[in-house]
Amino acid sequence: MADLSDFQRGQIVGARMAGASVTETARMLDVSRGTVSKVMTAFEREGKTSSAKHRSGRKSKLSERDRRTLNGIVREDRKTTAPKITAELNKHLQNPVSTKTVRRELHKSGFYGRAAIRKPLLSKTNVSKRLEWCRNLQNWSLEQWKNVIFSDESSFTLFPTSGRVYVWRQPKEAFNRDCLLPTVKHGGGSVMIWGAISWKSTGPMISLHGRINSRDYLGILGDQVHPMVQALFPEGDAIFQDDNAPIHTARIVKEWHMEHSNEVEHLIWPPQSPDLNIIEHVWSILEIQVRSRFPPPSSLKELEGVLTEEWAKIPLETIHNLFESKPRRIEAVIAAKGTYTIVIYI
C-alpha cells in the first residue's frame with residue numbers, strides 16, 4: 001500500500017463507489033484485496049485519498065528529465081527487460097545507474113512488470129463494427145435477450161500452461177493496446193467442445209473430434225440447435241448466436257439459417273467480440289472446476305467426462321446472472337468506443 005500513488009488510491013475509491021466489490025476492484029487495478037480495504041477504510045475515516053505519509057531519504061539519482069526519458073523508453077517497448085531498459089537509459093546519462101535503481105524509479109512512476117492480458121486482436125474496422133453493433137442493440141430489454149441462444153466452441157488442455165509474457169505498465173494501462181498480448185481463437189487445445197446456453201437451460205454440450213468443417217457444423221445445427229429451439233421456443237421466437245468463424249459463415253450454413261428463419265432468427269455478430277458473448281464466462285467456470293479436480297484428469301477421455309459433469313452442474317442462476325449482464329457489456333463497449341472492455345460481469 002505504501003507504493004500507491006494518490007491517483008491509484010483515487011481509482012480504488014472510485015471503483016468501490018461505482019459498485020465494484022473488493023475482489024473486482026483488486027482484480028481490475030492489480031492490487032491486493034487488503035490494499036483495497038485499507039484505502040477504503042482510510043477514505044471513510046479521513047475523507048481523502050492522498051497518503052498522509054511524507055517520505056525522506058537520499059536524493060534521487062535521476063532528474064525529472066531523466067525520468068521522462070526512462071518512461072519514454074518503457075512506453076516505446078513494453079516487453080523489454082529491466083537490464084535492456086537500463087542500458088538504453090545509460091546512453092542518455094552522464095553518470096550511469098544500476099538496474100536496481102531503474103526498477104526503483106519505474107515503481108515510483110507506477111510501472112511494474114505484469115503478465116500481458118490476452119485479448120483478441122482488434123483492427124480499426126473491427127472496432128468500428130463492434131461499436132455500431134452495440135449502438136444498434138443498446139436499447140434491447142432483458143426480455144428480448146432472454147430469447148437468445150448463445151453458442152461457442154472452446155478448447156481445454158489436459159495440462160494447463162500459462163504462456164505468460166510480461167510487460168511494463170501502470171495499473172491504469174492494463175488494457176492499453178501495447179500492453180496486451182493479442183490472441184487468435186483456439187490456439188492449440190487438447191479437447192474441443194461446443195456448447196449452447198439459453199435463459200431457460202444450459203443447453204447441450206458436445207465434444208468435437210478432429211478438424212471441424214462447415215458440414216460438421218451443419219450437423220450441430222440440425223442435431224443440437226434445432227431440437228433445443230423446438231423444445232424451448234415452440235412459438236418460433238428464438239434467436240441464435242454464433243461468431244464469425246469460417247465454418248459458421250459458410251454458404252451451406254447460411255442456407256440452413258434461411259430455411260429455418262421461421263423458427264429461429266440468426267443474430268448477426270460483431271467480429272472479435274468474446275467480451276459480448278456471455279458463454280465465454282461459462283468456459284471460465286468450467287476451466288476453474290476442471291483445474292480444481294483432485295486427482296486431475298489424466299487422459300483426454302477423462303477430461304471429456306469431467307467437462308460433461310461440470311457442465312451439468314452449472315446453476316441456472318449463474319446463467320441468469322450472465323444474461324442480466326448483457327446490457328452492461330454493451331454499455332461498456334460503447335464507453336470504450338468499440339475497443340477492449342474491463343467490466344466485471346457477474
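Being a predicted model, the structure only gives us computed values, none of them experimental.

## Some thoughts on the overall build of the protein chain
Part 1 of the reasoning: Tallying secondary structure elements over the protein chain gives 14 helices and nine strands in all.
Part 2 of the reasoning: In the protein chain, the share of contacts with a sequence separation of at least 24, taken over all contacts with a separation of at least 6, comes to 78%.
Part 3 of the reasoning: A total accessible area of about 19000 Å² is found for the protein chain, and carbon and sulfur atoms account for 52% of it.

## Remarks on the environment of Leu-221
Part 1 of the reasoning: Mapped onto the elements, Leu-221 comes out in helix H9 (residues 214-232).
Part 2 of the reasoning: Between the C-alpha atom of Leu-221 and that of Trp-256, which follows or precedes it by 35 residues, the distance is 8.3 Å.
Part 3 of the reasoning: Not counting residues within four places of it along the chain, the set of residues in contact with Leu-221 comprises His-226, Phe-240, Val-253, Trp-256 and His-257.

## Details of the packing of helix H1 (residues 6-17) against helix H3 (residues 33-46)
Part 1 of the reasoning: In the contact formed by H1 and H3, the axes pass within 10 Å of each other and the chain directions differ by 85°. The orientation of H1 with respect to H3, classified from their angle, is roughly perpendicular. Facing Arg-9, Ile-12, Val-13, Arg-16 and Met-17 of H1, the residues of H3 in contact are Thr-35, Val-36, Val-39, Met-40 and Phe-43.

## Let's talk about the side chain of Ser-151
Part 1 of the reasoning: Within the secondary structure layout, Ser-151 lies in strand S3 (residues 148-156).
Part 2 of the reasoning: A distance of 2.6 Å separates the side chain of Ser-151 from the backbone oxygen of Gln-241, its partner in a polar contact.

## Brief notes about the packing of helix H4 (residues 64-76) against helix H6 (residues 99-108)
Part 1 of the reasoning: It is at 11 Å that the axes of H4 and H6 come closest, and there the two elements cross at 90°. As judged from the angle between their axes, H4 and H6 are roughly perpendicular. Between H4, through Arg-67, Leu-70, Asn-71 and Val-74, and H6, the contact on the second element is made entirely by Val-102, Glu-105 and Leu-106.
Part 2 of the reasoning: In terms of residue class, the contact of H4 with H6 is made up of four nonpolar, one polar and two charged.

## What to know about the nonpolar core
Part 1 of the reasoning: In terms of nonpolar packing, the biggest core is built from 35 residues, with Trp-133, Trp-145, Phe-150, Leu-307 and Trp-311 touching the most fellow members.
Part 2 of the reasoning: When residues of this core are traced back to their parent elements, those giving at least two are helix H7 (124-136), S3, strand S6 (191-197), helix H11 (279-291), helix H12 (300-313), helix H13 (316-324) and helix H14 (326-335).
Part 3 of the reasoning: With five residues, H11 is the single largest residue contributor to this core.
Part 4 of the reasoning: What Trp-145 contacts, discounting residues up to four positions off in sequence, is Trp-133, Leu-137, Trp-140, Phe-150, Leu-267, Phe-323, Lys-326 and Ile-330.
Part 5 of the reasoning: Within the second largest apolar cluster, 19 residues are counted, among which are Ala-196, Tyr-217, Ala-238 and Val-264.

## A look at H4
Part 1 of the reasoning: Its 13 residues give H4 an end-to-end C-alpha distance of 18 Å, which sits within 8% of 18 Å, the value for a rise of 1.5 Å per residue.
Part 2 of the reasoning: Inspection of H4 places Asp-66, Arg-67, Leu-70, Asn-71, Ile-73 and Val-74 among the buried residues, and these make up the whole buried set. Each buried residue of H4 sits inside an arc of 155° when the element is viewed along its axis, so together they form one side. Exposed side of H4, more than 90 degrees from the buried face: Glu-64, Arg-65, Arg-68 and Glu-76 are the residues found there.

## Brief notes about the sheet that holds strand S8 (residues 238-241)
Part 1 of the reasoning: On the basis of which strands lie adjacent, the open sheet formed by five strands has the order S7-S6-S3-S8-S9 and mixed pairing. Of all the strands in the sheet, just strand S7 (205-208) and strand S9 (264-267) have a single pairing partner and so form its edges. Going across the sheet, the axis of each strand differs from the next one's by a mean of 25°, ignoring polarity.
Part 2 of the reasoning: Pairing of S8 with S9, which is carried by four bridges, proceeds in the parallel orientation. Considered in S9, the bridge of Phe-240 is made with His-266.
Part 3 of the reasoning: Sheet strands touched by H12: S3, S6 and S7. Its angle to S6, the strand with the most contacts, is close to 15°.

## Brief notes about unusual backbone geometry
Part 1 of the reasoning: Notably, Gln-272 is not glycine yet its phi reads approximately 45°, a positive angle.
Part 2 of the reasoning: Positionally, Gln-272 belongs in the loop between S9 and H11.
Part 3 of the reasoning: Within the chain, Lys-337 stands out as a residue other than glycine whose phi angle is a positive 55°.
Part 4 of the reasoning: The exposed category is assigned to Lys-337, whose relative accessible area is 63%.

## Re the packing of aromatic side chains
Part 1 of the reasoning: The final tally for this structure, using the stated rule, is nine aromatic pairs.
Part 2 of the reasoning: Relative to Trp-145, the ring of Trp-140 has its centre 4.6 Å away and its plane inclined at 55°; by these criteria the two rings are tilted.
Part 3 of the reasoning: Taken together, Trp-133, Trp-140, Trp-145, Phe-150, Trp-199, Trp-269 and Phe-323 form an aromatic cluster joined through their ring pairs.
Part 4 of the reasoning: Positioned above the aromatic ring of Phe-233, the side-chain terminus of Lys-200 is 4.5 Å from the ring centre.
Part 5 of the reasoning: Here the guanidinium or amino end of Lys-326 rests over the ring plane of Trp-145, the centre of that ring lying 5.1 Å away.

Rules of the game
Residues numbered from 1 in each chain as written. Predicted model: local features only at pLDDT ≥ 70, side-chain atom pairs only at ≥ 80, totals over all residues. Heavy atoms only, no water. Helix = DSSP H or I, 4+ residues; strand = E, 2+ residues; numbered from the N terminus. Contact = heavy atoms within 4.5 Å. Areas by Shrake-Rupley, 256 points an atom, 1.4 Å probe, with all protein chains shown as cover. Axes fitted to C-alpha atoms, helices over the stretch in contact; angles between N-to-C directions. Parallel < 35°, antiparallel > 145°, perpendicular 65-115°, else oblique. Polar contact = N/O pair within 3.5 Å; in protein donor to acceptor, adjacent residues only side chain to side chain. Nonpolar A, V, L, I, M, F, W, Y, C, P; charged D, E, K, R; others polar. Core = buried A, V, L, I, M, F, W, Y, C linked by side-chain atoms within 4.5 Å. Buried < 20%, exposed > 50% of the residue type's maximum accessible area, 1.4 Å probe, protein only. Expected span 1.5 Å × (residues − 1). Arc of directions from axis to C-beta. Pairing = 2+ DSSP bridges. Phe/Tyr/Trp six-rings, centres within 6.5 Å; stacked < 30°, edge-to-face > 60°. Lys NZ or Arg CZ within 6 Å of the ring centre and 35° of its normal.

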